[in-house]
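Each chain, written out:
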Amino acid sequence: MNTISTNKAGSDSINVFLIGNNPIELSNIYEKLKAIKNKTYNAEIGFDLKGVYKKIMKFHPSCILIDDNLERSYLKSLLNKLSSWSKTRDIPIAILKNSNNGQSYLIGAQEFILKDGITSEALSKSILNSIRLRNMHKYLYTSYKKRQSQFLNFLSNN
């Protein structure tokens, strides 16, 4: 599958991988990305869920957007694999939702975006927020691991 570039390629472009089974809704999200003026977004869409992991690894996304229209068990499995697999666990995940109802099986996502009435600006903010949140989690985890032994040594010496 070819990459769809929404603007001129630049050094600060953001790669967004869209996963879903509804071409109309995903093309609507793509059009919203295309309308964003202050950032450059490159998007790749994964309709064929069998090869989604290979496509993600090849595309190197900054963020993954997943449509919640997918089958519940598949969506749960997908989120679990993406958030735990060493090659994808640092990629932020945002869920495109049809309703504001909370679902506990969506653990692993950093952001939830309501599709109804979404604007290009809101989509861009949500993507950037999910990237910032994942980066913050990664920084805190790395800092904690780095300092963990120092902290334990401090406790054992007192």
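Position labels on residues start from 1 in each chain and follow its written sequence. Only residues with pLDDT of at least 70 get local features here, since the model is predicted, and only at 80 or more are side-chain atom pairs given and counted; chain-wide, interface and lining totals rely on the full set of residues. The side-chain quantities take in all heavy atoms of the structure and omit both hydrogens and water.

## As for helix α2 (residues 52-59)
Thinking step 1. Here α2 has its buried residues at Val52, Lys55, Ile56 and Phe59. Looking straight down α2, one finds that the buried residues subtend no more than 100° of arc, so they occupy a single side. Turned more than 90 degrees away from the buried face of α2 sit Lys54 and Lys58, all of them exposed.
Thinking step 2. Pairs of residues are marked as contacts when any of their non-hydrogen atoms sit within 4.5 Å. We count a stretch as a helix when DSSP gives it H or I for four or more residues in a row; a strand needs E for two or more, and each element gets its number in order from the N terminus. Where the residues of α2 are buried, they touch β2 (14-19), β3 (41-46), β4 (63-67) and α3 (72-84).
Thinking step 3. Just downstream of α2 lies histidine 60, where phi reads positive at about 55°. A simple rule labels every residue: compare its accessible area, found with a 1.4 Å probe on the protein chains alone, to the largest value its type can have, and call it buried under 20%, exposed over 50%, or partly exposed in between. What the arc covers is the set of directions going from the helix axis to the C-beta atoms.

## A word on the pattern of salt bridges
Thinking step 1. Any carboxyl oxygen of Asp or Glu within 4 Å of a side-chain nitrogen of Lys or Arg constitutes a salt bridge here. Under the defined criterion, the tally for this structure stands at four salt bridges.
Thinking step 2. Here aspartate 68 and lysine 115 are joined by a salt bridge, their closest N and O atoms 3.7 Å apart. Taken as a pair, aspartate 68 in the loop between β4 and α3 and lysine 115 in the loop between β6 (111-114) and α4 (120-157) lie far apart in primary sequence, 47 residues in all.
Thinking step 3. Judged by relative accessible area, which is 14%, lysine 115 ranks as buried.
Thinking step 4. Three or more residues joined by partner-sharing salt bridges are found here, namely Glu25, Asp67, Asp68 and Lys115.

## Re the packing of α2 against α3
Thinking step 1. Axis definition: a line fit to C-alpha positions, over the contact stretch in the case of helices; interaxial angles, taken between N-to-C directions, run 0 to 180 degrees. Contact pair α2 / α3: the axes reach a minimum separation of 12 Å and the direction vectors enclose 40°. The angle between the axes of α2 and α3 places the two elements in the oblique class. Taken as a pair, α2 and α3 cross one another with a handedness that is right-handed. For the pair α2 and α3, contact is made by Val52, Tyr53 and Ile56 and by Tyr74, Leu78, Lys81 and Leu82, respectively.
Thinking step 2. Throughout, the ten residues Ala, Val, Leu, Ile, Met, Phe, Trp, Tyr, Cys and Pro are labelled nonpolar, Asp, Glu, Lys and Arg are labelled charged, and all others, Gly among them, are labelled polar. A breakdown of the residues in the contact of α2 with α3 according to their chemical character gives six nonpolar, no polar and one charged. Should an angle fall under 35 degrees it is taken as roughly parallel, and over 145 as roughly antiparallel, whereas 65 to 115 is taken as roughly perpendicular and any remaining angle as oblique. Each crossing is labelled by how the near helix is turned from the far one, with a counterclockwise turn of less than a right angle marking it left-handed and a clockwise turn marking it right-handed.

## Side note on unusual backbone geometry
Thinking step 1. With a phi angle near 55°, histidine 60 is a residue other than glycine that sits in the positive phi range.
Thinking step 2. Its relative accessible area of 57% is what places histidine 60 among the exposed residues.

## Overview of α3
Since the α-helix turns once every 3.6 residues, residues separated by three or four places project in the same direction.
Thinking step 1. One less than the residue count of a helix, multiplied by 1.5 Å, gives the span that helix is expected to have. Compared with the 18 Å implied by 1.5 Å per residue over 13 residues, the 18 Å span of α3 between its first and last C-alpha is a close match.
Thinking step 2. The elements touched by buried residues of α3 are β2, α2, β4 and β5 (93-97).

## Observations regarding the environment of serine 13
Thinking step 1. By secondary structure assignment, the location of serine 13 is in the loop between β1 (4-5) and β2.
Thinking step 2. Take serine 13: its relative accessible area is 23%, and that puts it in the partly exposed class.
Thinking step 3. With 26 residues separating them in the primary sequence, serine 13 and lysine 39 have C-alpha atoms 6.8 Å apart.
Thinking step 4. Polar contacts involving the side chain of serine 13 include one to the side chain of asparagine 42, which spans 3.2 Å. Any pair of N or O atoms that falls within 3.5 Å is considered a polar contact. Within protein, one atom must be able to donate a hydrogen and the other to accept it, and sequence-neighbouring residues count only if both atoms are side-chain atoms.

## Topic: the confidence of the model for the chain
Thinking step 1. Think of pLDDT as the predictor's per-residue confidence, scored from 0 to 100. Averaged over all residues, the pLDDT of the chain equals 84, while 89% of them reach at least 70.
Thinking step 2. Of all secondary-structure elements in the chain, the lowest mean pLDDT belongs to β1, at 50, while β2 reaches the highest, 95.
Thinking step 3. Under a pLDDT of 50 for its full length, residues 5-10 has, in the predicted model, 17 contacts with residues more than four places off or in other chains.

## Some words on the layout of surface pockets
With a probe scaled to a water molecule rolled over the atoms, the places where space remains empty come into view.
Thinking step 1. Cavities and pockets were defined on a 1 Å grid built from protein atoms only: a cavity is a group of points that admits a 1.4 Å probe but offers it no way out, a pocket is an open group of points flanked by protein on both sides within 12 Å along at least five of seven lines, and a lining residue is one with an atom within 4 Å of any such point. Grid points are joined across faces, edges and corners, and a volume is the space filled by probe spheres set on the points. Considered as a void within the structure, the largest pocket measures approximately 160 Å³ in volume.
Thinking step 2. If you go around the largest pocket, the residues you meet are Arg89, Asp90, Arg134, His137, Lys138, Tyr141 and Thr142.
Thinking step 3. By residue class, the composition of the lining of the largest pocket is one nonpolar, two polar and four charged.

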